[in-house]
Amino acid sequence: MATKSIPRMKSVQPFSFCLKSSVVGSLEKGFRVTKIGLETESGKIWTISGDNSMKRVRNGTACLAFIDGGLKMKDAIVIGTYQMENNFLFFDLRNQKLGFSSSLLARGTSCSSFNFTYVPEY
């Protein structure tokens, strides 16, 4: 297990997998952890980096920000608001598709500082 050498911390509800944050290490863009790739039905990969996968829940503790749906969960996966922070979602109503970006923090910006009035020249 990749986290074998990182001390486990007491779980903080609703999260069950928590680690000592000082050992995990953090960067400006979140925690220094392996990226998570989720594959859509069409084969596209959505990459979730440390800023959207690990959440600092209290001083010294960071938890994997996913919740166990239990043995009788209805859906295969539910993406929470923490995974969607600082990502763009594109709603294509005509074609009934949803598009998404990876973290804007990795691109040096965020939703709160993004210039929505800028129109690129093509």
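Conventions we followed
Residues numbered from 1 in each chain as written. Predicted model: local features only at pLDDT ≥ 70, side-chain atom pairs only at ≥ 80, totals over all residues. Heavy atoms only, no water. Pairing = 2+ DSSP bridges. Helix = DSSP H or I, 4+ residues; strand = E, 2+ residues; numbered from the N terminus. Phe/Tyr/Trp six-rings, centres within 6.5 Å; stacked < 30°, edge-to-face > 60°. Buried < 20%, exposed > 50% of the residue type's maximum accessible area, 1.4 Å probe, protein only. Polar contact = N/O pair within 3.5 Å; in protein donor to acceptor, adjacent residues only side chain to side chain. Contact = heavy atoms within 4.5 Å. Axes fitted to C-alpha atoms, helices over the stretch in contact; angles between N-to-C directions.

Enquirer: I'd like a rundown of the pairing of strand β9 (residues 97-100), residues and numbers included.
Expert: Note: strand β8 (residues 89-92) against β9, four bridges, orientation antiparallel. By the bridge assignment for β9, Asp 92 is matched with Lys 97.

Enquirer: Let's hear about the packing of aromatic side chains: which residues, and what values?
Expert: Within this structure, the stated rule accounts for two aromatic pairs. When the centroid spacing of 5.1 Å and the interplanar angle of 50° are considered together, the rings of Trp 46 and Phe 100 count as tilted. Of this pair, Trp 46 sits in strand β5 (residues 45-48) while Phe 100 sits in strand β9, and the two are 54 residues apart along the sequence. According to the relative accessible area criterion, Trp 46 is buried, its value standing at 7%. Since its relative accessible area comes to 26%, Phe 100 is described here as partly exposed.

Enquirer: Describe in detail the side chain of Gln 83, supporting the description with residues and values.
Expert: Relative to the helices and strands, Gln 83 resides in helix α3 (residues 81-84). Within the structure, the side chain of Gln 83 is placed 2.5 Å from the backbone oxygen of Ala 65, a separation counted as a polar contact. Once you skip the residues sitting within four places of it in the chain, Gln 83 turns out to touch Trp 46, Ile 48, Asn 52, Ala 65 and Phe 66.

Enquirer: Lay out the sheet that holds strand β7 (residues 61-64) in plain terms, naming residues and giving numbers.
Expert: Strand order in this open sheet of three strands is β1-β7-β6, and the pairing throughout is antiparallel. One side of each edge strand has no neighbouring strand; the edge strands of this open sheet are β1 (18-20) and β6 (54-58). Taken pair by pair, the neighbouring strands of this sheet meet at an average axis angle of 35°, ignoring direction. Inspection of the sheet shows β6 paired to β7 by four bridges, in the antiparallel sense. Looking at β7, one finds that Lys 55 is bridged to Cys 63.

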